[in-house]
Amino acid sequence: VSASSSAYFRDVLETIPGYQPGRKIEGPGGRSVKLSSNESPYGPLPSVLDAVSAAATQLNRYPDTWAAELTAALAERFEVPEDHLALGAGSVGVLQQLLAATAEPGVQVAYAWRSFEAYPLLADLSGAASVRVPLRAETHDLDALAESITDQTRMVLVCNPNNPTGTAVREEALTAFLDRVPEHVLVVLDEAYREYVRDPQVPDGRTLYPDRPNVAVLRTFSKAYGLAALRVGFLIGHPHVATAVRKTMVPFAVNHVAQAAALASLAAEEELLERVAHTVKERQRVREALLADNWNVPPTEANFVWLRLGPHTLDFAAACEAAGVAVRPFADEGVRISIGTPEENDAMLAVAHSYPRRNR
Ligand code: PMP
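Each residue is numbered by its place in its chain's sequence as written, counting from 1. Given that this is a predicted model, residues contribute local features only at a pLDDT of at least 70 and side-chain atom pairs are listed and counted only at 80 or more, while totals for whole chains, interfaces and linings are drawn from all residues. The side-chain quantities take in all heavy atoms of the structure and omit both hydrogens and water.

An unreviewed UniProt entry lists the protein chain under the name Aromatic amino acid aminotransferase, from Lipingzhangella halophila. UniProt positions are given in the numbering used here, feature names are shortened, and annotations may be inferred rather than shown by experiment. UniProt lists a comment for the protein chain under the heading Function (unreviewed entry), and it reads "Aminotransferase that catalyzes the conversion of aromatic amino acids and 2-oxoglutarate into corresponding aromatic oxo acids and L-glutamate." Annotation of the protein chain in UniProt includes, under Catalytic activity (unreviewed entry), the sentence "an aromatic L-alpha-amino acid + 2-oxoglutarate = an aromatic oxo-acid + L-glutamate".

This is the structure in structure tokens:
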């Protein structure tokens, strides 16, 4: 019996596939290299593990639903007032809360495409109509995005750097865009990969939102801070936006093991950002190796690279898989490959090197 045959489900369930997470595979000799989910390749720091085990002694208790201690630490770290912050179960949790606060049937949510897979999923679930604005040369077409805005638009999402292409929009273009967005539209700057940005012209959303009441920033502990499994994301925005995100949170969305790990990660930030710097170095090495091998790789400011393979996408992903390397293919478009440890990257580069030139 298919789910859609049940009379009580909404029609939208027939059209949404559900989130498809990056796969983990096992290759020859048990080799398993997971470059499919843009995770940090490094395990938790000892201090983070200690905080996790200490918090685990309280599993019988509900957590502090408003995460007072973590909120205070974030306010200090990011130099924003506490009422400019709101938390959720990962930044996708925060996005779902934002959509619960803004979206309903009859309204529109606009975003570039291709971008993060969760946008259409969550927008469709909210009942809003998605307006997908094609990327231009692998990057946001901010003019077209601005032109897509109608009286029905409630939210525009800008993923910066963009998943899966890694490209980032710069300050001049982004501020010109923000100046064009009418007040009835909330602009969400998804900065899940902000810590990996090295181009000084790519702005930190924290510097853009203070003068603009309808702009908010999404951040996460899942990538640079290495806590993907624990689901901690947060919004930085004006108090009216942060309040809306708090109102729409499911109770206790961020558990106290996760809160403790996030606090310990902020305390160990220097060490974690050294890991990020290492990933950035590897990103450069990987991109240069691919370019030297005649691959076309757009410049990337995130912890992944994008190979536009068109019709050869699934074939290349299968070649990676045969070597025990999991990547993220988007059929007929391209493959997104996370930056891992040097050994993991070498395993991927070996596949790329021997892949037929005519298909690249
Ligand atoms: N935004 C973007 C652009 C992402 O790529 C991801 C992770 N794939 C997320 C948000 C979700 O992160 P989180 O684990 O915080 O929900």
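On we go.
Student: Tell me about the overall build of the protein chain, and name the residues and values.
Tutor: Of regular secondary structure, the protein chain possesses 12 helices and 12 strands. Here the C-alpha coordinates of the protein chain stretch approximately 55 × 55 × 50 Å along the principal axes. Residues counted as buried form 54% of the 360 residues belonging to the protein chain. By the convention used here, residues are in contact when the closest approach between their heavy atoms is within 4.5 Å. If you take every contact in the protein chain between residues at least 6 apart in sequence, the share linking residues at least 24 apart comes to 72%. Values of accessible area rely on a 1.4 Å probe in the Shrake-Rupley scheme; residue burial ignores everything except the protein chains shown. Accessible surface for the protein chain amounts to roughly 16100 Å². Of this, 52% is attributable to carbon and sulfur atoms. Neither His nor the chain termini are counted; the positive set is Lys and Arg, and the negative set is Asp and Glu. Working definition for charges: the position is that of NZ of Lys, CZ of Arg, CG of Asp or CD of Glu. Taking the average location of the 33 positive side-chain charges in the protein chain and that of its 44 negative ones, the two points are 4 Å from each other. Where helices and strands are cited, they refer to DSSP runs of H or I of at least four residues and of E of at least two residues respectively, numbered from the N terminus. We call a residue buried when its accessible area falls under 20% of the maximum for its residue type, exposed when it is over 50%, and partly exposed in between, using a 1.4 Å probe and counting protein chains only.

Student: Summarise the UniProt feature "domain: Aminotransferase class I/classII large" (unreviewed entry) in the protein chain; cite the residues concerned and give the values.
Tutor: Sequence positions flagged by UniProt for "domain: Aminotransferase class I/classII large" (unreviewed entry) are, in local numbering, residues 33-349. Counting secondary structure, residues 33-349 comes out at 40% helix and 17% strand; the distance between its end C-alpha atoms is 12 Å.

Student: Account for the layout of surface pockets, naming residues and giving values.
Tutor: In this model, the largest pocket occupies a volume close to 500 Å³. Residues are said to line a cavity or pocket when one of their atoms sits within 4 Å of a point; the points come from a 1 Å grid over protein atoms alone, cavities being sets where a 1.4 Å probe fits but cannot get out and pockets being open sets with protein on both sides within 12 Å along at least five of seven lines. Lining of the largest pocket is provided by 27 residues; of these, Tyr19, Val92, Phe116, Lys223 and Arg231 occupy positions nearest its centre. What the second largest pocket holds in volume is close to 340 Å³. Along its surface, the second largest pocket is lined by 19 residues, and Pro21, Arg23, Val327, Arg328 and Pro329 are the ones closest to its centre. Among the secondary structure elements, those contributing two or more residues to the lining of the second largest pocket are α11 (313-322), β10 (325-326) and β11 (328-330). Grid points are joined across faces, edges and corners, and a volume is the space filled by probe spheres set on the points.

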